[in-house]
Amino acid sequence: MKCGSYQLIKKSSECKGRLGKVYTTRGVVETPIFMPVGTQGTVKGVPTEWLQFSGAQIILGNSYHLYLRPGTEIIKKAGGIQKFTSWNRPMLTDSGGFQIFSLSDIRKISEEGAEFSSHIDGSKHFFSPEKSMQVQKDIGADIIMCFDECAPYPSDYAYAKNSMELSLRWAKRCKTEFYKDNAHETQALFGIIQGSVYNDLRAKSTQEMLNIDFVGYAIGGLSVGEPKAYMHTVLENTLSLIPENKARYLMGVGMPEDLWEGVERGVDMFDCVIPTRNGRNGQVFTSLGKINIRNAEYREDFSPLDPECKCPTCTKYTKAYLNHLVRAQETLYLTLLSLHNIHFMVNLMTKIRKSLENDMFLKAKKEFFEKYYSKNKRRG
RNA sequence: GGGGGUGUGGCAGAGUGGUCUAAUGCACCAGACUGUAAAUCUGGCGGGCUUGCCCUUCGGUGGUUCAAAUCCAUCCGCCCCCA
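Overview of the structure. Please read these numbers as outputs of a predicted model, since none were measured by experiment. (Residues numbered from 1 in each chain as written. Chains lettered and ligands numbered in written order. Predicted model: local features only at pLDDT ≥ 70, side-chain atom pairs only at ≥ 80, totals over all residues. Heavy atoms only, no water.)

### Structural notes on the pattern of salt bridges
Using the following cut-off: In the sections that follow, a salt bridge refers to a side-chain nitrogen of Lys or Arg positioned within 4 Å of a carboxyl oxygen of Asp or Glu. Per the convention used, a helix needs a DSSP run of H or I reaching at least four residues, while a strand needs a run of E reaching at least two, with both numbered from the N terminus.
Here the structure, examined in full by the defined rule, presents 23 salt bridges. A salt bridge links K137 to D181; the shortest N-O distance between them is 3.0 Å. Here D181 lies in the loop between α7 (157–178) and β11 (188–193) and K137 lies in helix α6 (residues 129–139), a separation of 44 residues in the sequence. D258 is paired through a salt bridge with K228; the nearest N and O atoms lie 3.1 Å apart.

### Things to note about the pairing of strand β6 (residues 91–94)
Filter applied, for reference: With a 1.4 Å probe rolled over the protein chains alone, any residue whose accessible area is under 20% of its type maximum counts as buried; one over 50% counts as exposed, and the rest are partly exposed. A pair of strands is treated as paired once DSSP finds two or more bridges between them.
Of the two faces of β6, the one lined by M91 and T93 and the one lined by L92 and D94 are each fully buried. Bridge count between strand β5 (residues 59–62) and β6: four bridges; the pairing is parallel. What sits directly across from N62, in β6, is D94. Both β6 and strand β10 (residues 143–145) contribute to a ladder of two bridges, which runs parallel. Directly across from T93, in β10, lies its bridge partner I144.

### Quick word on the nonpolar core
Note the following rule: For this analysis, a nonpolar core means a set of buried residues of the types Ala, Val, Leu, Ile, Met, Phe, Trp, Tyr and Cys, connected via side-chain atoms within 4.5 Å. Here the bounds of each domain stem from an automatic or database domain assignment. Should any heavy atoms of two residues lie within 4.5 Å, those residues are counted as being in contact.
Counting 76 residues, the largest nonpolar core has F270 and I352 as its most contacted members. The biggest single contributor to this core is helix α14 (residues 332–357), with nine residues. Domain assignment of the residues forming this core places at least three in each of domain 1 (18–272) and domain 2 (280–375). When neighbours within four sequence positions are excluded, F270 is seen to be in contact with I33, F34, M35, Y249, L250, V253, D258, L259, G262, V263 and M349. Y6, M35, I58 and Y249 belong to the second-largest nonpolar core, a separate cluster that totals 20 residues.

### Here's the deal with the protein's contact with RNA strand B
Stated formally: Definition of nearness: a residue and a molecule or strand are near each other if at least one heavy atom of the residue lies within 4 Å of the molecule or strand. Between N or O atoms, a polar contact is any pair within 3.5 Å; within protein, one atom must be a potential hydrogen donor and the other a potential acceptor, and residues adjacent in sequence are included only when both atoms are from side chains.
Among the 45 residues in the neighbourhood of RNA strand B, the closest are listed as S102, C150, G252, V273 and T276. R277 places a side-chain nitrogen or oxygen 2.9 Å from a base nitrogen of RNA strand B. A distance of 3.0 Å separates a base nitrogen of RNA strand B from a polar atom in the side chain of Q283. Mapped onto the surface near RNA strand B, the elements with two or more residues apiece are β5, α5 (97–102), β14 (269–272), α11 (274–280) and α14.

### Some remarks on the environment of L8
Relative to the helices and strands, L8 is located in strand β1 (residues 6–11). A relative accessible area of 27% means that L8 is categorised as partly exposed. Not counting residues up to four positions away in its chain, the partners in contact with L8 are R18, L19, G20 and E244.

### Regarding the sheet that holds strand β2 (residues 18–24)
Put simply, the rule is: As a rule, the C-alpha atoms of each element are fitted with a line to give its axis, helices using only the stretch in contact, and angles between N-to-C directions run from 0 to 180 degrees.
Read from one edge of the open sheet, three strands run β1-β2-β3, paired in antiparallel fashion. In the strand order of this sheet, the two ends are held by β1 and β3 (27–31), each with one partner. Here the strands of the sheet are splayed against their neighbours by 15° on average, with no regard to which way each runs. Alignment of β2 against β3, held across five bridges, turns out to be antiparallel. In the sheet register, V22 faces β3, and the bridge partner there is V29.

### Digging into the environment of L189
Residue placement: L189 occurs in strand β11. Residue L189 is classed as buried on the basis of its relative accessible area, which comes to 1%. When the C-alpha atoms of L189 and P70 are compared, they prove to be 23 Å apart, with 119 residues separating the residues in sequence. Residue contacts for L189: discarding those within four places in its chain leaves M133, I144, M145, C146, C174, K175, F178, F214, V215 and G216.

### Side note on the side chain of E130
Along the chain, E130 turns up in helix α6. In this structure the side chain of E130 is engaged in a polar contact, spanning 2.9 Å, whose partner is the side chain of R173. Apart from residues lying up to four places away in sequence, E130 is in contact with E112, R173 and E177.

So far we have only geometry, and geometry alone does not tell us how the molecule works.
Pasting the structure below:
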């Protein structure tokens, strides 16, 4: 099977949710899937073997960050990103497009590309679609992404239109550059649909991306601050236009509730920094809702974070101990909480896949939310 | 016994007549985080409510003053030096 190709296994009878497989050079990924983010060649705080134990099938890397440090030469010498990091399962790299959004203060955008002033030392670096492709080829992930502009929210219609059209022109250049050599035999290039919250722009972007023709399609520019309802509408309208034999990847999403909502609307792939970032900030996802382990109420709580969780954190440590580690700023908590949150997300996806398999998605979703929000209801 | 210093909110520590419920840091109490410039950031942190104001606070007491954490007297506590 060609790298990046999608095989539809089963469609839900209740919703747009679907069970499938994405084939890559380094293995098959069962979808829907949650991909932990490992920007700089590491899912922050979590060792590879624990990541694998958690059931993670594929993780992300970031072109911009890896290009700046350690640099593509070193990654090439190491034999590619998987060898360099010891993560031997599939990997996906983002193009640097998100940094146009997140580093908006230190970059300049033009037709040709984007110039960044390195957040590390201020030095200037130019990222074009061609450059991003070269960097991502050198890094060597299984799936790579088009260089796009992730537009901010809110963007007015004119800005969103120009930005979406720029991303289209860049996508064409990405594809041309990508197919210049043999990289496409081992790597897959995904296109990214833009258009902010404007449905006609999203439709136009989708149609044009399909015309360019990619192995898979991502929906970008969401979860940048827009109301949830907008995200859902964009998903519904956009996904209905994409042929069902293509993987659909919702970039940068999300929270547990977003995974359910996304899958229900036909999303196959998700990635998000939230499990690791929140872990580092003391916030923990559990089957009974979101908690902040730093809070006083856990000082003498000798139960595990999540009674249903089988991760190393939950099988060995209590809330009281984790609360202590956070308060004492003992770095072990970074690892333990990140690991738990990753485990939670990955296993939530396993649950979701199972529910699709049994065609009981809606029931499983309802049960999940009843529990997940039960704590707040009791309080209310 | 003599000399000098010092006492400020949970802790450390600014402030030395009005702009002081009193800087700042820590601690504490919460909240946020969605293709990672984040082990970060934001808010709160004497009491009351009608949320603007009122009451109570800078070791104790008494005083000076229109006005005191700030000046004076005295008491108490602590620290240092000399004997």
